[in-house]
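# Results of the structural survey
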Amino acid sequence: MTEHSDVLTGAHFMNGDEACAEGALAAGCRFFAGYPITPATEIAETMADRMGEVGGVFIQMEDELASMNAIIGASWGGVKSMTATSGPGFSLMMENLGLALMTETPCVVVNVQRGGPSTGLPTLVGQQDMMQARWGSHGDYEIIALTPNSPQEMFDLTLEAFNLSERFRLPVLVMADEVVGHMTEKVVIPAREELKIVNRKKWQKSDDKHLPYRADEDLVPPMAAMGEGSFQHITGLTHDERGYPGANAAVQDALVRRLIDKVRKYAKTELTRYEAVEMDDAEVVIVCYGITSRSCLRAVRVARERGIKAGMIRLQIVWPFPDHLIEEIAAKARAIIVPEINMGQIVREVQRAAGGKCPVHGMPIPGGAMHKPEQIVEMITREMQ
Amino acid sequence: MTEHSDVLTGAHFMNGDEACAEGALAAGCRFFAGYPITPATEIAETMADRMGEVGGVFIQMEDELASMNAIIGASWGGVKSMTATSGPGFSLMMENLGLALMTETPCVVVNVQRGGPSTGLPTLVGQQDMMQARWGSHGDYEIIALTPNSPQEMFDLTLEAFNLSERFRLPVLVMADEVVGHMTEKVVIPAREELKIVNRKKWQKSDDKHLPYRADEDLVPPMAAMGEGSFQHITGLTHDERGYPGANAAVQDALVRRLIDKVRKYAKTELTRYEAVEMDDAEVVIVCYGITSRSCLRAVRVARERGIKAGMIRLQIVWPFPDHLIEEIAAKARAIIVPEINMGQIVREVQRAAGGKCPVHGMPIPGGAMHKPEQIVEMITREMQ
Amino acid sequence: MSAVAQHTFDQFLRADRMPHIWCPGCGIGTAVNCFVHALQKTNLPLEQVAVVSGIGCTARVAGYMYLDSFHSTHGRALPLATGLKLARPELKVVVISGDGDLFAIGGNHFIHAARRNMDLTVICVNNFNYGMTGGQLAPTTPQGARTTTTRQGNPDTPFNLPALAAACGAVYVARWTVGHVVQLQRAMGEVLSKKGFTFLEVISPCPTLFGRLNKLGAGVDMVQAAKERAVIRNGADPKEADITMDSPIVCGKFLDIEKPTYLDRIGLTPTAASE
Amino acid sequence: MSAVAQHTFDQFLRADRMPHIWCPGCGIGTAVNCFVHALQKTNLPLEQVAVVSGIGCTARVAGYMYLDSFHSTHGRALPLATGLKLARPELKVVVISGDGDLFAIGGNHFIHAARRNMDLTVICVNNFNYGMTGGQLAPTTPQGARTTTTRQGNPDTPFNLPALAAACGAVYVARWTVGHVVQLQRAMGEVLSKKGFTFLEVISPCPTLFGRLNKLGAGVDMVQAAKERAVIRNGADPKEADITMDSPIVCGKFLDIEKPTYLDRIGLTPTAASE
Amino acid sequence: MATDRLEIRVTGFGGQGVILTGYILGKAAALFRDQNAVLAQTYGPEARGSACRADLIVSPKPIDYPQVARPNILIALSQDGYTTHKKFIDPEGIIFYDEELVHPDAESPVFHASIPATRFAKEVGHKIMANIVMLGFCTALTDLATAESMEKAVSGSVPKGTEPKNLNAFRKGYEYGTQWLGSRSTGNGHKDSPYLRK
Amino acid sequence: MATDRLEIRVTGFGGQGVILTGYILGKAAALFRDQNAVLAQTYGPEARGSACRADLIVSPKPIDYPQVARPNILIALSQDGYTTHKKFIDPEGIIFYDEELVHPDAESPVFHASIPATRFAKEVGHKIMANIVMLGFCTALTDLATAESMEKAVSGSVPKGTEPKNLNAFRKGYEYGTQWLGSRSTGNGHKDSPYLRK
Amino acid sequence: MTSPGGKPAPTNTRSKVKMVPNVIEARCKGCGYCIEFCPKDVLAFSDKFNAKGYYVPVNVKPEACTGCKMCEMVCPDFAIYLVEDEKAAAEVPVKVKAAEESK
Amino acid sequence: MTSPGGKPAPTNTRSKVKMVPNVIEARCKGCGYCIEFCPKDVLAFSDKFNAKGYYVPVNVKPEACTGCKMCEMVCPDFAIYLVEDEKAAAEVPVKVKAAEESK
Ligand SMILES: Cc1ncc(C[n+]2csc(CCOP(=O)(O)OP(=O)(O)O)c2C)c(N)n1
Ligand SMILES: Cc1ncc(C[n+]2csc(CCOP(=O)(O)OP(=O)(O)O)c2C)c(N)n1
Ligand code: SF4
Ligand code: SF4
Ligand code: SF4
Ligand code: SF4
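Computed from a predicted structure; not experimentally measured.

### Some points on the overall build of chain E
Helices and strands together make up the secondary structure of chain E, namely six helices and six strands. Along chain E, helices (α) and strands (β) appear in the sequence β-α-β-β-β-α-β-β-α-α-α-α when read from the amino end. Burial analysis of chain E (198 residues in total) assigns 57% to the buried set. Within chain E, contacts between residues separated by at least 24 positions form 63% of all contacts whose residues are at least 6 apart in sequence. Accessible surface, chain E as shown: approximately 8,000 Å² in total, 53% of it carbon and sulfur. Put simply, chain E has 22 plus and 21 minus side-chain charges, and the middle of one group is 3 Å from the middle of the other.

Below you can see the structure in the form of C-alpha cells.
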C-alpha cells in the first residue's frame, strides 16, 4: 500500500497519534523534539521510527520546556518542526509558546488532551485545555487551534496546522484528545501531488539590511533562516521592525497589535472552518468540537429520527473563535447546546458571541468519559418543549 | 514607628512589592520560595531580609517550577507559604499551580504583571495575564484572583489572599502589576490584634483513618500537616476521599465538581469584592481593576465635573468573575466601558455576563503604559452622545 | 476491596491497595520491600517519615506506603520535598522516584538540591527507561539499547548517576541492584539515618518494556543478570561506574562524608519553622 | 540613532546599537570584545556562525553582534540552540549567557546537552550574581557573599562550573577572567573551532551589584583583583577549581579531549536536515 | 445475525497481543472488507500488572459514537480479563477463551467456545502467537470476517519475517474451528448464539 | 505658587541615590506633612549604564492617576539625565543641578539653580551623599517640604549608622541654599519661578 | 492485627523457631523471584494459577527452609513471608477491613 | 566602510607602522580598563566628561604605545582602538547610517 518509502500514501488502519505523525511528515515536518507523555507518546514514537526514513531529525529532549525551545530553534534553522504532548507538558510549554508567538516562529504543537487538572487521569479523555490553548501563556496574543475528531482528521488537520503556521508565522495548536489519539480507524492519505502544502514566505537576499519584522500587507513578514546570511537578531523582548528591543509603549503597541491583527484579520475567512450537519432547518443547535462531536452526531441522528429539528455545528478551528458564525446561528436558533468534556469552557465563548440572542446551555462533564448520546438527546428534547 | 520587631505596624512610605511582602508576613506567611524577576523581585528581596526576623524561612530556588513546588511542600508542612513572580515565571508555574489546586493546597502566588508576550517589556506595566490567571493550567478548575491598585492594597489584598487560601484551601492569586509593585505610597498597617487572620481548618486526630479529601458541608476538607500522624497520601492524580488514585470518570466527577463548586458556591457572596464609585445614577459605567482604575477614577471625576453621569466599578476580586454584578449593571446602564492594559481580556467576561443587555466596549492597549485619563473621558463622552 | 491476607509488613503498607500496579517481575516492589525492612530496623517514629515522589512507575511507591506521602508531578519531587523539609525540619523526608523523573525532567532540581546539601534522602530506582509511559529513552539508557523512541539503538550517552550526585555535592552515594537485598536494606538504613543530601541508586528490571525490547528475558532473569554483572567496589570513584549494555555494574557505597548541610548552614533547628 | 564613530571591529557589531546597556566597568563587554577578536582570527564565514543566548545582562550579547542571533528566554538558550544545530548542522552555534541563566533556571539543559556531547559551544560569563534583576543570589555566588537576597551572607554552596561541565561530558573545559584577554581570546578561538560540547567560563566583574554589595570597588579594581587571585593551572582537575570569596581562582584549560559528538553518533552530516 | 454494529472486546495480559488481536480484526474489516471499524484500546497504569483490553466496533455504516457499550463478542486470553468482562457481554453473544488459561463460569448465560490456543501456538512455534490461533478459531466460528481478509490482515500486521509462522497459527485455529463447528452438536451445554456461523 | 499637584523628577546615574532622593522627598510629604505622595521609579536594563529616574507627585488631595505628565521640578544629578529630561519640564518650574556634573543649556526657558553638591558631599564625608546635599538645597529654595520633615525623612531612610553624616550633608546643602536665596538677585539670567520660596 | 497462616516471624531478631514461607496467593504475580533467590530451593511453581491467572509458588521442600527471609525480602509484591511451621502449608486469607469500609 | 580618526590598524597581522589608541568618546563609559591594562601607561583620564557625563581617557604618552592592542581588546565598550599615528590625537566621528535610516 505504501508507494514511497518516505511519506505514506493510500489507506491505512492506524490510530490518531500515528495519523498525526504521518500528517506532519506529509506536511514536510522534518524535525520533532518531544518528551513522552500519555496519551501523546505514540506521536513521538512514530516520529522516532519514521524521521530517519524521511531524512529528518527526531530528538527526545530532557523535558517539555526543552522540546518547545528545540522546535523553535529548528524552525529558525529553516526546518518545519513539531512537538506533541498532553496537559502537564502543555502547561510547561506555555512560557515558550509565548516566545514562538513573539518571534513569529512557525511550528506545530499537538496536545492530546487527557483529564485534569494536574496529573489527573493520564489515560482518559478530556477537553479541558481548550481555554488554556487560548490564554495559557502570559501576555497578549491570538493563536490558531484545530480540533480533529478522528484519526483521519488527525492526519488532515495536522497537515493543515503546518500550512497555517507557515502561512501566518505562528505556532499552531492541534487540540486532540485521548480518544481520538488512541482510536484506530481507516486513514486515507492522498498522493503527494494531491496534498496542498504551504511554505513560509522566504526572505530574499538583497543589498538592504534585513528587517526581520517588516511585515507585508498581509501582516506577515517574510522569514530568513539562520545561516542564510541575513544577519538577523531575534528576541522575545518587545522589538521593532529591525528586531531590536524597544522598551516602550509605542514599539509594544505596533508589535502586539500586528501579532494579534494578523490572526483576527482572517478570523472570518481563512480561519473559519467547521462542519454543519442538518443545519438548514435546525431549531436546536449543538455546537461542539473534537471527539464530543461523535456523541453529538449520534444524538442529532436519533433526534431527527424522532422528528426533532436538531442540527450541529462542529468547529474544526476553535481559535480564533468564530464569533460571526455563532451570532448568525443565535439569531435563528431556539437554543444552542454546547456539550464539552470540561466544566464549561467554549460554552462561554458561545454565550459571549450569542450576545443574549438565544439561550446557550453548556453540558459540562469533567473528563474521564465521553458524553453518552442519550444524554444529549434528552437535553435536545428538553429544549424543544 | 515599628512596634514589633517582627511584623510591622503603623504608617510607612513603601512600595507595592514591599507592602505585598509585609501583608504576607502579617497574614502569618512564614515560608517564601522564589526566583527573581522584574518587577516582582523586591517582594523576594523583602522576604529575604524579613523572614529571618520573624522566624520564617526564605529560599531562593533554582527556578519558578521549583519555587511553586517548594511552597506546596511547605504548606503541607503546616506553614503558610507564598511565591511571587511576573509573566514568564507565572507561565512556568502553571503546571504546578494545577497541582496545588488538585491537592487543595493553601498558598499564595503573586504575579506583578509586566508587558508581554514572552520577555516583552520587563520593566513596564501590563495587565495581560488576567485570563491566564483563570485558564493557564491544564484541566478544569476555579481559582481566586485579587487585583490591588495601590501599595496599601498590596498589603491588604495579600493578607486577604492568605485568608481566602486558608479558608478555601486553594492557591490564591494576587494579580498586581508593575506600576502598583514599583510605586511608593503611604501604607498603614493596623495593629496585630486588629487584623483578621484566617487559618485552615485542621484535621483532628482520632481513631478513624484520616480521609484527607472528605469535605465538610462547606465543601472544604480539614487539613492535616505532614508529620502530624495522619498518614495521609496526597496525589495530583484524580483521587477519592481517601486520597487514593481512582482512574475513572466517577471519581473525577466527584472530585472536580467539588473543587469547582467550593469556589462557585461563594462567588456571589464572600468572593464578590469591589468598589463602586458614583454608581447611584451612573449611565456610563466603567468596569476596571488594578492600576487601570486610577486612570479611570480620574476620568470619572473629570466626566462628572463636566456633568456627565459616569460611574465606576472597580473589581478587587476578578476571579471568580462576578457575573451577577455585571448583569445587574448592564440592565441599568447605557453602556459599559472596560479599559484594560491588554488587548481585551476581562471585557470578554463583561460581555458574556452582560448578555446583550447593554453595549460593552473594551479599551485595549497592549502594555507599556497606563491609559491616559483623557482618552477614557473621551470614550465616556462618546457613549453619552 | 478484595480480601487480602495479612503480611508481616502490612503495617507499613496501604494493604487495602494491594496488589499494586507493578508488572509481574518488576523490581520496584523489591526496592520498596527492602525500604520497609530498613525502615523497621531504624526505629524512626513512622509519623516523622514522609515520602515524596514524582511521576512514573516508581513514583507510585508513595501511594503504597503507610506514611505521610506526596505523589507530586513529574520531576518535581525534590523542590516539593525541599519546601516540606524547610517547613518541618523534624521530618525525615525521603524522595523515591524513577531515573527519568529525577534526572530527565527533574535533573535541575537534583543538581541544585545536591549542591545545597539539602537534608533529603533520594532513592532512585533506575530501570534504564521510562516505565510508566511505555519504554522510552531515559537519560540512563545505555548507549545502543533499544527503547520505543530509539528502536535502532540509543545514540545518546547516559548519565552515570552516582558520579553526577557526587560531583554536585551529595554526602552519601551508593548503588545496588534489587538482587542485593541485604546490601540494599543496609544502605537504605544508612541513608535513613544520615543527614544532608544522600543518594542511593537501585538498579531494577523493567521486564515489560526494557526487558522485552532488548530481549533480556523475564524480570527474574534480568535481576540475576544484573547481579552477575555486579562488581562490588566500596569506596570506588563513582566516575568508574558507567553502565553500558554489557559492562560490569559497579556497585557499592562510593561516598559517605560529613559536611555542613543546608539546615546547618541556615541555622534551622527542627521545629523552628513549624508552629 | 546618534552619531557613532567607526571602530575597527564594528563590522562584527551592531554599531547602531552602541553604546550598549552594560554598566561602566562591567566585564561583559570585554568578553564580547575578545570573542570578536577570536572570531576574526578563525576566519569562519560569518553567516555560518549563530549566537544564542538566554536572558540576563550577558544574554544581551546576542543583540550586539552582527551575526544571526537569538535572544531566547531565561534558561532556554541551550535547547533552542540544540534545535537550531540539528536543523542546520553546518552552522557553528555558540551559546553566550550568564551563570544564572545557564546554571540556575537552565541547569537541566546544560547537563543534558553536555551529556549528549551536543555540538554546541557554551561561553558563560560568571559574575557571581544576577546582574539583570539587580544583584540576587546566583548558583555561583561564593558562600558568605552578600547579594540582595542574602544580605547576611550566602549560606549556599555554589557550583564549580568547570567541574560540573567536565562531570557531565563536555570535551573542552576552560576558565579565564576578563583580565586575561590574551588567553581568553585564544580559548575562544579554540572553542570556535572544536566540535562537540565545549565550555568556557569567563569570570567577570559586576561592579554595580556584586561589587557594590561586597565592597569590591570599581569594575577595574575587581578585574585586577581577580587577575591577581588567578592561578593558571592548565590540565588541572577542575574539581580543584572551587571559588570562594578569597580563594585563588584556578584558571586554565582543564580539559580538551576527543569523543564522538551527538552529530557523529546520529550520523548527521551538515546539510542533511536543512533543505 | 446481521447487525448494523458489532462490538467485540479482547482481553488478556499485557504482552499477549491483545491490542494486535483487535487491530487485525479491525484492519480486515476496514481495509479488506469495505466495512467501517473503530478500535479503542484501554491504556493505563492500572493495567500494568493485570488486564489489558481492546474494543472493536465493526459496521457497514460510518461509525459515529466510537465507544463499546455492550460487546457482542468477548475474546478472553486471561482469567482476569474473563472474570472482569464476562458480565458485560450481550447474552446473545459469544465468549471465546483459551481453555488452558481460563476457568469458565458455568453460570454464565452467554454462549462459550474454547480452544487450547496457547498449546497450539507452542506447537506451531511460540506461545506468543496464541492470539493468532484464537483469531483463526473466531474466524471459523463466526461471520466476523472472511478467512481471506483475515489472512491479509495478519500478514500486514505482524512483524516482518514472522508472516509464515503467524499464518500457520491462524490456519491452525481456523481448522480447529471448522472441526469444532462440525462437531458442535456435542455442544458445551450453553445455549446457541446468533453470531455463530450457520 | 500653591498647586494641587506638584510633580518632581530626579535623574542621574544608577548608584547616585536617585531613587532615595525621591523617596526622602515623598516620605517627608506622606508621613510627616499629611500630604499624599506617589513615587514612581523607572527601572530598566536600558538604564543600566545610563540614566535612572524617580518621579514624585505630591498633593494635599488623594492622588488618583499616579503618573507624572509635566514635572514642575527637575533635580539633575548627571549630564545625561539633564539632557534627556530638561525638555519635559514645566517652563514655570525649576531645574536643580550639580554644577560639577552638568553643563546647563543656556537656551532653556526654565529657571535653573545649581550647587556643587558632589564637592560638598566629599567635604562632609563621601560623594555618595551628593543627593542629600542637593535635597538640603532644594528644601531651602522651595516650599517643597519643611526642613524639619526632611530631616526626619533623611534619618529614617538612610542606612543605620550613617544618619549624622547625612544630616550634615543635608544641612550643608540647606545652608548653601539659604545663602543662595539671599544673594539670588545676582541671578543666573533665567527668569523667576513661582516655585521659588518667597 | 490478626495473623493468618501461622504466627508471623518476629521481624527484628532471627527466629529460633522453625519457619517456612507462606504465599498470599491473591497478591502473587508469579514472578519467580522467591524461587530463584531461595538458597535452599524450598519453593517451586505450582501448576495452578490464581484468580488473576498467575502461577504461584508452593513450598516443595519446607523442611529445608533456614528462615533466612530471602524470599520475603525479595518478593516485589509483598506476597510471601515467613510463618511458624505448624500450619505452614495452608494459607488462610483473612479479610482485612479496607479503608473505605472502616471510615 | 569609512575609517575615521586615521586608518585602523590592519587587524590580522601585527602592524609595522606606529600606532596609537583612539577613543570614541560617545561610547566610552570611563571605566578605566584601558588605562589600567596599558603596559606602557599611554593613557590617563582627562578632566572632561562626555555627553553622558563620563570622564574619558586621553593619550598622555602616545610615543610610548607599542601597538600591543591591550586597550583595544580590554575595552568593554568598543570605545578604543588603534589607529596609525598621523592624526592620532583627533577623533573625527563619522555618522554611520543607522539601520533604520538605511532601510
Ligand atoms: C510534565 C510531564 N511530562 C511527562 C509526563 C509523562 N510521564 C509520566 S512518568 C514518565 C517517565 C517515567 O520514567 P521514570 O521516572 O524513569 O520512572 P519509571 O516509570 O521507569 O519507574 C513520563 C515521561 C508527565 N506525567 N508529566
Ligand atoms: C522565567 C524567568 N524568570 C526570571 C526572569 C528574570 N531574570 C532575567 S535575567 C535573570 C538572571 C540573570 O542572571 P545571569 O544569568 O547570571 O546573567 P547576568 O545578568 O548576571 O549577566 C533573571 C532571574 C526571567 N526573565 N524569566
Ligand atoms: S512498566 Fe516496567 S517499571 Fe513499570 S511496573 Fe512494569 S516492569 Fe515495572
Ligand atoms: S548590572 Fe552588573 S552584569 Fe549587568 S551590566 Fe551592570 S555591571 Fe554588568
Ligand atoms: S516473589 Fe512474590 S510475586 Fe514473585 S512468585 Fe514469589 S510470591 Fe509470587
Ligand atoms: S576601556 Fe573603553 S570604556 Fe573604559 S575608559 Fe577606556 S575607552 Fe572608556
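Now that the structure is up, let's keep going.
### Regarding the pairing of strand 2 (residues 31-34) of chain A
Consecutive side chains along a regular strand alternate between the two faces of the sheet. All names here are of chain A. Of the two faces of strand 2, the one lined by Phe31 and Ala33 and the one lined by Phe32 and Gly34 are each fully buried. Here strand 2 runs beside strand 3 (residues 57-60); their pairing, made up of four bridges, is parallel. Of the residues in strand 3, the one forming a bridge with phenylalanine 32 is phenylalanine 58. In this view, the connection linking strand 2 to its parallel neighbour strand 3 by way of helix 2 (residues 41-54) has right-handed handedness. In the sheet, strand 2 pairs with strand 4 (residues 81-85) via two bridges, with the strands oriented parallel.

### A word on the interface of chain F and chain B
Between chain F and chain B, the residue contacts involve 19 residues of the former and 23 residues of the latter. Summed over both sides, the interface between chain F and chain B buries roughly 1,800 Å², with carbon and sulfur atoms accounting for 57% of that surface. Between chain F and chain B we count two salt bridges in total. A salt bridge links aspartate 64 of chain F to arginine 298 of chain B; the shortest N-O distance between them is 2.9 Å. At the junction of chain F with chain B, the criterion picks out seven residue pairs in polar contact (both at pLDDT 80 or more). Grouping the amino acids of the side of chain F that touches chain B by side-chain chemistry returns twelve nonpolar, four polar and three charged.

### Focus: the relation of the copies chain A and chain B
Relative to chain B, chain A is turned by 180° and slid 0.0 Å along the rotation axis, the superposed coordinates differing by an RMSD of 0.0 Å. Such a combination of turn and shift is consistent with a two-fold rotation axis. Take the interface residues of chain A: 100% of them recur as interface residues in chain B, which is what a same-surface contact looks like.

### Quick word on the packing of helix 3 (residues 64-76) of chain A against helix 4 (residues 87-103) of chain A
Residue and element names in this part refer to chain A. One can describe the packing of helix 3 onto helix 4 by two numbers: an axis separation of 7 Å at closest approach and a directional angle of 25°. One finds that helix 3 runs roughly parallel with respect to helix 4. Here helix 3 and helix 4 pass one another in a crossing that is right-handed. Here Glu64, Leu65, Ser67, Met68, Asn69, Ile72 and Trp76 of helix 3 lie close against helix 4, whose contacting residues are Gly89, Leu92, Met93, Asn96, Leu97, Leu99, Ala100 and Thr103. Class assignment of the residues belonging to the contact of helix 3 with helix 4 gives a composition of nine nonpolar, five polar and one charged.

### Some words on the packing of aromatic side chains
One pass over the structure, following the stated rule, counts 46 aromatic pairs over all chains. Ring centres of phenylalanine 32 of chain B and phenylalanine 58 of chain B lie 5.9 Å apart, and the angle between their planes is 5°; this geometry places the pair in the stacked category. Placement of the pair is phenylalanine 32 of chain B in strand 2 (residues 31-34) and phenylalanine 58 of chain B in strand 3 (residues 57-60), with a sequence separation of 26 residues. Relative to tyrosine 64 of chain D, the ring of tryptophan 22 of chain D lies with its centre 5.1 Å away and its plane at 65°, an arrangement referred to as edge-to-face. Taken together, the residues tryptophan 22 of chain D in the segment before helix 1 (28-42) and tyrosine 64 of chain D in the loop between strand 1 (49-53) and strand 2 (68-71) connect sequence positions 42 residues apart.

### Examining the pattern of salt bridges
A side chain with one charge may pair with a side chain of the opposite charge, provided their charged atoms come close. Residue and element names in this part refer to chain A. One pass over the full model with this rule turns up 109 salt bridges over all chains. Measuring nitrogen to oxygen at the nearest pair gives 2.8 Å for the salt bridge that ties arginine 214 to glutamate 241. A residue pair is termed long-range when its members are at least 10 positions apart, and arginine 214 in the loop between strand 9 (184-189) and strand 10 (233-235) and glutamate 241 in the loop between strand 10 and helix 8 (249-264) qualify at 27 residues. Residue glutamate 241 is classed as partly exposed on the basis of its relative accessible area, which comes to 30%. Beyond isolated ion pairs, a larger network of salt bridges with shared partners links Arg167, Lys201, Asp216, Asp218 and Glu270.

### Brief notes about the site of ligand 4
Of all residues adjacent to ligand 4, which total twelve residues, the nearest are Cys23, Cys26, Cys57, Asn127 and Cys206 of chain D. Around ligand 4, the nearby residues trace back to chains D and F. Among the elements that line the shell around ligand 4, the one with the most residues is helix 7 (residues 207-213) of chain D, at three residues. Tallied by class, residues from the shell around ligand 4 come to eight nonpolar, three polar and one charged.

### Re the environment of glycine 93 of chain E
Here glycine 93 of chain E shows up in the loop between helix 2 (79-85) and strand 5 (94-98). In this structure the C-alpha to C-alpha distance between glycine 93 of chain E and proline 71 of chain E, which are 22 residues apart in sequence, comes to 7.7 Å.

### Remarks on the site of ligand 2
Around ligand 2, a shell composed of 24 residues is seen, among which Glu64 of chain B together with Cys57, Thr58, Asp101 and Gly131 of chain D lie nearest. One chain alone does not account for the residues near ligand 2; they come from chains A, B and D. At a separation of 2.6 Å, an oxygen atom of ligand 2 approaches a polar backbone atom of aspartate 101 of chain D. At 2.8 Å, a backbone N or O of glycine 131 of chain D approaches an oxygen atom of ligand 2. Secondary structure elements with two or more residues in the shell around ligand 2: helix 4 (87-103) of chain B together with helix 3 (99-105) and strand 5 (129-130) of chain D.

### Description of the interface of chain A and chain B
The partner chain B presents 60 residues to the 60 residues of chain A that form the contact. Of the roughly 4,900 Å² buried between chain A and chain B, counting both surfaces, carbon and sulfur atoms make up 59%. In this assembly, chain A and chain B are joined by two salt bridges. Its salt-bridge partner being arginine 348 of chain A, residue glutamate 349 of chain B comes within 2.7 Å of it at the nearest N-O pair. One can count 31 residue pairs in polar contact (both at pLDDT 80 or more) joining chain A with chain B. Looking at the side of chain A that touches chain B, the elements that each hand over two or more residues are helix 4, strand 6 (121-125), helix 5 (130-135), helix 8 and helix 11 (346-354) of chain A. A per-element tally of the side of chain A that touches chain B places helix 4 of chain A first, with nine residues.

Thresholds applied
- Residues numbered from 1 in each chain as written.
- Chains lettered and ligands numbered in written order.
- Predicted model: local features only at pLDDT ≥ 70, side-chain atom pairs only at ≥ 80, totals over all residues.
- Heavy atoms only, no water.
- Helix = DSSP H or I, 4+ residues; strand = E, 2+ residues; numbered from the N terminus.
- Buried < 20%, exposed > 50% of the residue type's maximum accessible area, 1.4 Å probe, protein only.
- Contact = heavy atoms within 4.5 Å.
- Areas by Shrake-Rupley, 256 points an atom, 1.4 Å probe, with all protein chains shown as cover.
- Lys, Arg positive; Asp, Glu negative; His and termini not counted.
- Charge placed at Lys NZ, Arg CZ, Asp CG, Glu CD.
- Pairing = 2+ DSSP bridges.
- Right-handed = clockwise from strand over helix to strand, strands pointing away.
- Buried area = accessible area lost by both parts, 1.4 Å probe.
- Salt bridge = Lys/Arg side-chain N within 4 Å of Asp/Glu carboxyl O.
- Polar contact = N/O pair within 3.5 Å; in protein donor to acceptor, adjacent residues only side chain to side chain.
- Nonpolar A, V, L, I, M, F, W, Y, C, P; charged D, E, K, R; others polar.
- Least-squares fit on C-alpha atoms with pLDDT ≥ 70 in both.
- Axes fitted to C-alpha atoms, helices over the stretch in contact; angles between N-to-C directions.
- Parallel < 35°, antiparallel > 145°, perpendicular 65-115°, else oblique.
- Left-handed = near helix turned anticlockwise from the far one by under 90°.
- Phe/Tyr/Trp six-rings, centres within 6.5 Å; stacked < 30°, edge-to-face > 60°.
- Near = heavy atom within 4 Å.

It is worth stressing that arrangement in space is one thing and function is another; only the former is reported here.
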